Amino acid sequence: MNSLLGIVGSLPAIAMSASTVAAIAASRDAITQEELVRRTQELCDAVVPGNKEPWKKYFADDAVYSDEKGRTLNKSALVADITPLPEGYSGTIKVVNPKSLIHRDTAVLSYDLDETETIFGQNLAAHYHLTDTWLRRNGEWRILASQAHRYYEDPAAGHVDPKKLAGYIGTYELAPGETRIISVDGESLVMQRKGKKEELLPETCDLFFRKGVEGRILFRRDSAGKVDALIDRRNNEDVVWRKAN
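As the structure is a prediction and not an experimental result, all values here were calculated from the model. (Residues numbered from 1 in each chain as written. Predicted model: local features only at pLDDT ≥ 70, side-chain atom pairs only at ≥ 80, totals over all residues. Heavy atoms only, no water.)

**Notes on the overall build of the protein chain**
We count it as follows: Note on conventions: DSSP H or I runs of at least 4 residues are helices, E runs of at least 2 residues are strands, and numbering of each starts at the N terminus. The classification of residues rests on relative accessible area computed with a 1.4 Å probe and restricted to protein chains. Under 20% of the type maximum is buried, over 50% is exposed, and intermediate values are partly exposed. Contacts: residue pairs with any heavy atoms within 4.5 Å of one another. Computed with the Shrake-Rupley method and a 1.4 Å probe, the accessible areas treat only the protein chains shown as cover for residues.
On a plain count of helices and strands, the protein chain comes out with four helices and 14 strands. Each of the 245 residues in the protein chain was classed as buried or not, and the buried ones make up 30%. Considering only intrachain contacts with a sequence separation of at least 6, the fraction spanning at least 24 residues in the protein chain is 45%. Within the structure as shown, the protein chain displays about 15,300 Å² of accessible surface, and the carbon and sulfur contribution to it stands at 53%.

Right, here's the structure in full:
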């Protein structure tokens, strides 16, 4: 007959055994960065043919997806957005530069996407950054939240007749004491403010940009065709600097 002491003495061993089983189960359900990347690449590979199945499989039913266009989609809207590329279009999306943080039931994967697209023989490229939060529920890993943005890229530089650059020269005033000076250096247009000089690269006639800076510099003309203002345009918001001389 077992003694009470013997039964009590066996309880820690039983508890340890249960703890070990739980640890083994948790380890079996764990996920690695390699697996997260594999699943993410599977999602990307499904975009071109419009295969909705991986998106149904890997996104949680209550997931929230914020895309590079500023839209916030629930799962049903996201899945509905996955459609095949039109005829004449093709492309690839590759997961690169992944970084992860995995802790218990939560995993965060941050990565870049390199996209190439061919439209009737013309090649395009785009670069994005995404951060996905994966959550383990009932032993299954699903994306609970995802956010994407597109990296800024300078527009293609155009050409302006160097003889026309003189028409932009002058001082432009935003407010008393706040001025920008436009000058010409060789065949380049230069903008100076408070000692800082920046080259203005032509996109097209009267429209310029600065390397690595979002937005455009637009020179406005009056009814006589003469430049009367410099417009600093960002996200369709204009700051007008009027020509003082």
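**A look at unusual backbone geometry**
The residue Phe120 is not glycine, and still its phi comes out positive at about 50 degrees. Tracing the sequence through the fold places Phe120 in the loop between strand S4 (106–119) and strand S5 (122–137). Taking relative accessible area as the criterion, Phe120 reaches 62% and is therefore assigned exposed. You will see that Lys194, though not glycine, has its phi angle at about 50 degrees, which is positive. Counting through the fold element by element, Lys194 comes out in the loop between strand S9 (188–193) and strand S10 (196–204). For Lys194, a relative accessible area of 69% puts it in the exposed group.

**What to know about the pattern of salt bridges**
What counts is decided by this rule: Whenever a carboxyl oxygen of Asp or Glu lies within 4 Å of a side-chain nitrogen of Lys or Arg, that contact is scored as a salt bridge.
Counted by the stated rule, this structure contains 20 salt bridges. One salt bridge in this structure joins Glu203 and Arg216, with 2.5 Å as the shortest N-O distance. Pair noted here: Glu203 is in strand S10 and Arg216 is in strand S12 (residues 216–221), with a separation of 13 residues, a long-range link. Its relative accessible area of 26% is what places Glu203 among the partly exposed residues. Under the relative-accessibility criterion, Arg216 is labelled partly exposed at 24%.

**Section: helix H2 (residues 33–45)**
Going by this rule: Every helix has an expected span of 1.5 Å times one less than the residues it contains.
The end-to-end C-alpha separation of H2 is 18 Å, in line with the 18 Å expected for 13 residues at 1.5 Å each. Restricting attention to buried positions, one finds in H2 the residues Leu36, Val37, Arg39, Thr40, Gln41, Leu43 and Cys44. On the buried face of H2, the contacting elements are helix H3 (53–58), strand S1 (59–66), strand S3 (89–103), S4, S5 and strand S6 (140–150).

**Quick notes on the sheet that holds strand S14 (residues 237–243)**
Where we set the bar: Here a strand pair is declared whenever DSSP counts at least two bridges between the two strands. Lines are fitted to the C-alpha atoms to define the axes, a helix being fitted only along its stretch in contact, and any angle between axes, read from their N-to-C directions, falls within 0 to 180 degrees.
Reading around the barrel, the eight strands line up as S7-S8-S9-S10-S11-S12-S13-S14 and close back on themselves, with antiparallel pairing between neighbours. Strand-to-strand twist across the sheet, computed as the mean angle between neighbouring axes with direction ignored, equals 35 degrees.

**What to know about the nonpolar core**
Our working rule: Within this scheme, the nonpolar core is defined by two criteria: the residues are buried Ala, Val, Leu, Ile, Met, Phe, Trp, Tyr or Cys, and they are joined through side-chain atoms within 4.5 Å.
With 29 residues, the main nonpolar core has Trp55, Phe59, Tyr65, Leu113, Leu130 and Trp134 as its most contacted residues. Within the residue set of this core, elements represented by two or more residues are H2, H3, S1, helix H4 (75–81), S3, S4, S5 and S6. Once you skip the residues sitting within four places of it in the chain, Tyr65 turns out to touch Phe59, Arg71, Thr72, Leu73, Leu78, Leu130, Ser146 and Ala148. Counting 14 residues, the second largest nonpolar core, distinct from the first, contains Val160, Tyr172, Ile217 and Phe219.

**Details of the pairing of S14**
As paired elements, strand S7 (residues 170–175) and S14 share two bridges and run antiparallel to each other. Counterpart to Glu173 in the pairing with S14 is Arg242. Where strand S13 (residues 227–234) and S14 come together, six bridges link them in antiparallel fashion. Paired with Leu230 across the strands is Trp241, a residue of S14. Linking S13 back to S14 in an antiparallel pair, the connection comprises two residues, with Asn235 at a positive phi of about 50 degrees.

**A short note on the confidence of the model for the protein chain**
Quick reminder of the rule: pLDDT is a per-residue confidence score from the predictor, ranging from 0 to 100.
With 89% of its residues at a pLDDT of at least 70, the protein chain reaches an overall mean of 90. Confidence over residues 3–16 falls short of pLDDT 50; this stretch has one contact with residues more than four positions distant or in other chains. Low pLDDT, under 50, characterises residues 21–25; the predicted model gives this stretch zero contacts beyond four residues in sequence or across chains.

**As for the sheet that holds strand S2 (residues 72–74)**
One open sheet holds the six strands; their spatial order is S2-S1-S6-S5-S4-S3, and the pairing between them is mixed. Two strands lie at the open edges of the sheet, namely S2 and S3, each paired on one side alone. Neighbour-to-neighbour, the strand axes of the sheet open up by a mean angle of 20 degrees, direction not taken into account. Where S3 meets S4, 13 bridges bridge the pair, whose relative direction is antiparallel. Bridge pairing in S4 links Ile93 to Glu115. Against the sheet, H2 touches S1, S3, S4, S5 and S6, its axis set at about 155 degrees to S3.

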